[in-house]
Amino acid sequence: YLLSENYTEDTWLKLRDAVGAIQNSTSIKYNLEELYQAVENLCSYKVSPTLYKQLRQVCEDHVQAQIHQFREYPFDLCSSLDNLSFLKRMNRCWQDHCRQTIMIRSIFLFLDRTYVLQNSLLPSIWDTGLELFRTHIVSDVAVQKRTVEGLLEQIELERNGETIDRSLLRSLLGMLSDLQVYRDSFEERFLTETNRLYAAEGQRLMQERDVSEMINSSVYHAVKVNCELAVCACVFCKIQLHMQSYAFMAVFIPGLSNLLDENRVTELTLLYQLFSKGKGGLPTLLQFWRDYIKSFGGEIVCTPEKDKDMVQDLLDFKDKMDNVVQSCFARNEAFINAMKEAFETFINKRPNKPAELIAKYVDSKLRAGNKEATEEELERILDKIMIIFRFIHGKDVFEAFYKKDLAKRLLVGKSASVDAEKSMLSKLKHECGAAFTSKLEGMFKDMELSKDIMIQFKQNQSEPSNIELTVNILTMGYWPSYTPMEVHLPSEMVKLQEVFKLFYLSKHSGRKLQWQPTLGHSVLKAEFKEGKKELQVSLFQTLVLLMFNEGEDFGMEEIRTATGIEEMELKRTLQSLACGKARVLNKNPRGKDVEDGDRFNFNNDFKHKLFRIKINQIQMKETVEEQVSTTERVFQDRQYQIDAAVVRIMKMRKILSHNLLVSELYNQLKFPVKPGDLKKRIESLIDRDYMERDKETPNQYHYVA
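Residues numbered from 1 in each chain as written. Predicted model: local features only at pLDDT ≥ 70, side-chain atom pairs only at ≥ 80, totals over all residues. Heavy atoms only, no water.

## With respect to the sheet that holds strand 5 (residues 599-602)
Now for step 1: Ordered in space as 3-5-4, the 3 strands form an open sheet in which the pairing is antiparallel. Either end of the sheet is taken by a strand with one partner, and the two such strands are strand 3 (553-555) and strand 4 (585-588). Between one strand and the next, the sheet's axes are offset by a mean angle of 25°, whatever the strand orientation.
Now for step 2: In terms of strand pairing, strand 3 meets strand 5 through 3 bridges, oriented antiparallel. Each residue of the ladder has a partner; that of Phe554, found in strand 5, is Phe600. (Pairing = 2+ DSSP bridges. Helix = DSSP H or I, 4+ residues; strand = E, 2+ residues; numbered from the N terminus. Axes fitted to C-alpha atoms, helices over the stretch in contact; angles between N-to-C directions.)

## Looking at the side chain of Lys318
Now for step 1: Tracing the sequence through the fold places Lys318 in helix 15 (residues 310-327).
Now for step 2: With a relative accessible area of 11%, Lys318 lands in the buried category.
Now for step 3: For Lys318, the residues in contact, after removing those within four places along its chain, are Met339, Phe343, Ile387, Ile388 and Phe391. (Buried < 20%, exposed > 50% of the residue type's maximum accessible area, 1.4 Å probe, protein only. Contact = heavy atoms within 4.5 Å.)

## Description of the packing of helix 24 (residues 556-563) against helix 25 (residues 567-578)
Now for step 1: Taken N-terminus to C-terminus, the directions of helix 24 and helix 25 make an angle of 115°; their axes are 11 Å apart at the nearest point. Crossing angle aside, the handedness with which helix 24 passes helix 25 is right-handed. Side by side, helix 24 and helix 25 meet where Met556, Ile559 and Arg560 of the first sit next to Glu567, Leu570, Lys571 and Leu574 of the second.
Now for step 2: Residues belonging to the contact of helix 24 with helix 25 are distributed by class as follows: 4 nonpolar, no polar and 3 charged. (Left-handed = near helix turned anticlockwise from the far one by under 90°. Nonpolar A, V, L, I, M, F, W, Y, C, P; charged D, E, K, R; others polar.)

## Considerations on the pairing of strand 2 (residues 531-538)
Now for step 1: Examined bridge by bridge, strand 1 (residues 521-528) and strand 2 share 8 bridges and lie antiparallel to one another. The partner of Glu527 across the bridge, within strand 2, is Lys532.
Now for step 2: Examined bridge by bridge, strand 2 and strand 6 (residues 612-614) share 3 bridges and lie parallel to one another. Paired with Leu535 across the bridge in strand 6 is Ile613.

## So, helix 2 (residues 32-44)
Now for step 1: Its 13 residues place the ends of helix 2 18 Å apart at the C-alpha level, agreeing with the 18 Å of an ideal helix rising 1.5 Å per residue.
Now for step 2: All of the buried residues in helix 2 are Leu35, Ala38, Val39, Leu42 and Cys43. Here the buried residues of helix 2 occupy an arc of 135° about the axis, which is enough to place them on one side.
Now for step 3: The N-capping residue of helix 2, defined by a side-chain oxygen 2.7 Å from the backbone nitrogen of Glu33, is Asn31.
Now for step 4: Positive phi appears at Lys46, one or two residues downstream of helix 2, with a value of about 65°. (Expected span 1.5 Å × (residues − 1). Arc of directions from axis to C-beta. Polar contact = N/O pair within 3.5 Å; in protein donor to acceptor, adjacent residues only side chain to side chain.)

## Some remarks on a negative patch on the surface
Now for step 1: Where like charges cluster on the molecular surface, the negative patch consists of Glu375, Glu376, Glu377 and Asp419.
Now for step 2: The element best represented in the negative patch is helix 18 (residues 375-390), accounting for 3 residues.
Now for step 3: Position of Glu375 among the secondary structure elements: in helix 18.
Now for step 4: Here Glu375 falls in the exposed class, since its relative accessible area comes to 61%. (Patch = residues over 30% accessible without salt bridge, like charges linked within 9 Å, V, L, I, M, F, W, Y side chains within 5 Å. Areas by Shrake-Rupley, 256 points an atom, 1.4 Å probe, with all protein chains shown as cover. Salt bridge = Lys/Arg side-chain N within 4 Å of Asp/Glu carboxyl O. Lys, Arg positive; Asp, Glu negative; His and termini not counted. Charge placed at Lys NZ, Arg CZ, Asp CG, Glu CD.)

## Brief notes about the sheet that holds strand 6
One key point about sheets: their strands pair by backbone hydrogen bonds, in either a parallel or an antiparallel sense.
Now for step 1: Spatially, 3 strands are ordered 1-2-6 in an open sheet, and the strand pairing comes out mixed. Two strands bound the open sheet, and with one partner strand each, they are strand 1 and strand 6. On average, adjacent strands in this sheet sit at an angle of 25° to one another, irrespective of strand direction.
Now for step 2: Set on the sheet, helix 23 (residues 539-546) makes contact with strand 1 and strand 2; between it and strand 2 the angle comes to about 135°.

## Some remarks on the nonpolar core
Burial of nonpolar side chains together is a common tendency in soluble globular proteins.
Now for step 1: In this structure, Trp289, Ile293, Phe398 and Tyr402 are the most contacted members of the largest nonpolar core, which totals 69 residues.
Now for step 2: Aside from chain neighbours lying at most four places away, what touches Tyr402 is Ala359, Val362, Leu366, Arg409, Glu421, Met424, Leu428 and Leu440.
Now for step 3: Formed by 53 residues, the second largest nonpolar core is a distinct cluster that contains Ala18, Val39, Val148 and Val181. (Core = buried A, V, L, I, M, F, W, Y, C linked by side-chain atoms within 4.5 Å.)

## Focus: the pattern of salt bridges
Now for step 1: Under the definition given, this model contains 39 salt bridges.
Now for step 2: Across the pair Arg367 and Asp363 runs a salt bridge whose closest N-O atoms are separated by 2.5 Å.
Now for step 3: By relative accessible area, Arg367 is classed as partly exposed at 33%.
Now for step 4: Accessibility expressed as a relative area gives 7% for Asp363, which makes it buried.
Now for step 5: One salt bridge connects Arg409 with Asp363, and the closest N-O pair in it is separated by 2.6 Å. A residue pair is termed long-range when its members are at least 10 positions apart, and Arg409 in helix 19 (residues 395-411) and Asp363 in helix 17 (residues 353-366) qualify at 46 residues. By the burial criterion, Arg409 is buried, and Asp363 matches it.

## Quick notes on the pairing of strand 1
Now for step 1: What you see with strand 1 is a clean split: Ser522, Leu524, Ala526 and Phe528 sit on the buried side and His521, Val523, Lys525 and Glu527 on the side with no burial.
Now for step 2: Counted between consecutive antiparallel strands, the loop separating strand 1 from strand 2 contains 2 residues.

## Some points on the packing of aromatic side chains
Both the distance between ring centres and the angle between the ring planes are used here to describe each pair of aromatic rings.
Now for step 1: A complete count under the given rule lists 28 aromatic pairs for this structure.
Now for step 2: Ring geometry for Phe317 and Phe346: centres 6.4 Å apart, planes at 55°, overall tilted. In this pair, Phe317 is assigned in helix 15 and Phe346 in helix 16 (residues 333-347), connecting sequence segments 29 residues apart. By the burial criterion, Phe317 is buried, and Phe346 matches it.
Now for step 3: The lysine or arginine in question, Lys395, covers the ring of Phe389, its NZ or CZ lying 5.3 Å from the ring centre.
Now for step 4: Over the aromatic face of Tyr402 sits the side chain of Arg409, whose NZ or CZ is 5.5 Å from the ring centroid. (Phe/Tyr/Trp six-rings, centres within 6.5 Å; stacked < 30°, edge-to-face > 60°. Lys NZ or Arg CZ within 6 Å of the ring centre and 35° of its normal.)

Written out as structure tokens, the structure is:
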């Protein structure tokens, strides 16, 4: 049956009374279950639209009436107490409104879950309550202004050290957020005030504290504010607002340098996080990072007094910077690339020297007697060296010095490990290509072929000899050039040399052998009072010691005449035999240095715990002239490469302007070269009729077939 109009009217009046009681915080006359059932009955008999409309109107009338209590407050010249009282009343009104809306929704739940849910354009009863409060209370210009200013005042009081009611602050900020007016009404004002506060704080800290303290202070304040948006504002504005000022630069740059110098990982991590918070932060930090690496690295490379430790310092510095990027800068690709760029810049500030020292450093690690590292550690060291090597432009300088040292290791048997040698060669080949390592690989090939040749020689040796000969056949184009030195060999040695020469040339006609006594070494059998020993010595040491089979005492001049050894080389040889750890000769008078008038005799009383004793030759330190000579050979090779590249380009292009030719050369040449040097080589080729200038356009060249 249809409900009567009287029933509908009576039921609505009953519901309206209940809503009024809830809004006025008085007792409800009716049972809640009875009220819920009444709403369900009305909704079941098609009066839901009317019921929803009437309910909204009742709620709106009530909310509109609440605005008057706030207008009673004066809006000008208000004290902090007045503002606090206003905020408390606003919070009380909001809390009452939320409680009342929840209660009303519980009675009208059937309406909310049927009619309202089925009509997507209608807000729910809860959303209707929020909308009404926002429209009639919070959106009132005067009320909203008073609320926001009161909140900001409370925040400022706490920042100044006063105690405030945080629960009140939290509740009202939640209200603004729930009503969706937080961003428009409060956030902008709050961030503006926060920026102003921390800008002043940042200025003070810049004058009173170092960078490390500033960073930690920034993070402390960020945590103290305890608000996500506040964190974003406060932690960055201290630095951001002063980033372009001279005062900031004066304080910050030395401060950042100190953090990096001292490897302050914690502070550097915080610093990166701070600079990540705002626009323009990371690019600024990135520039400081790049400049620091260039400055610190440039000091390592460009200080000749530190040359001895340059390579180790570079490796340590690279490890340190890698750790900072990994641990502090979140492996940021921009910072990794900036580090690579900075290393490449500073390491080439001093041409050639880093390449030379890296080659010598590798030699020290691959040389026999290096007990600093296991094979695995040595492999890791070589990998790190290759990273530094990668930054060098003049890799041909490295090749020249590396080849010279490799030759010594191979020929004198001083290589610590063939596997390590070949591993290094493989790394160089992978980095620079097969052309770069072809000569180095040729040196290893020569050593292998020499072993096969010696096996054949011994198999074909018809006459027995007291001397067991081993010869290394070196291809001249692969190995460093050595200055020939004529010495007086014993007749048995000379005879054996001739036998080998005849054997080798019979197998390889058209070749020429040139003996290099400076690279020779031997094992001598010696008898002392203590017994027999074997002495592992150089060829020069051998020639000197063999003299004492013919006599007991010789002067330096006699030894020089008999052996033919150059004077300075002879002095070092005698010094190693008479003044070193294994003194198989006695020198008269005694002393550490060898002089022209010194005399020498065989030390029959020599004692040593080992049977085979290696007597190291006194190594002459590489002279400036030798270094210059190696470098000059590199430059000479570069000139040949430039000439070949110019001819190759001109032969292919026939006619080319100067600028295009230079551009092509820069693309083809793998070493640094100045435009002036290229111009000189072009002029040289013109003089030698490989090319000519255009008669009408002097800046254009023609290839001459």
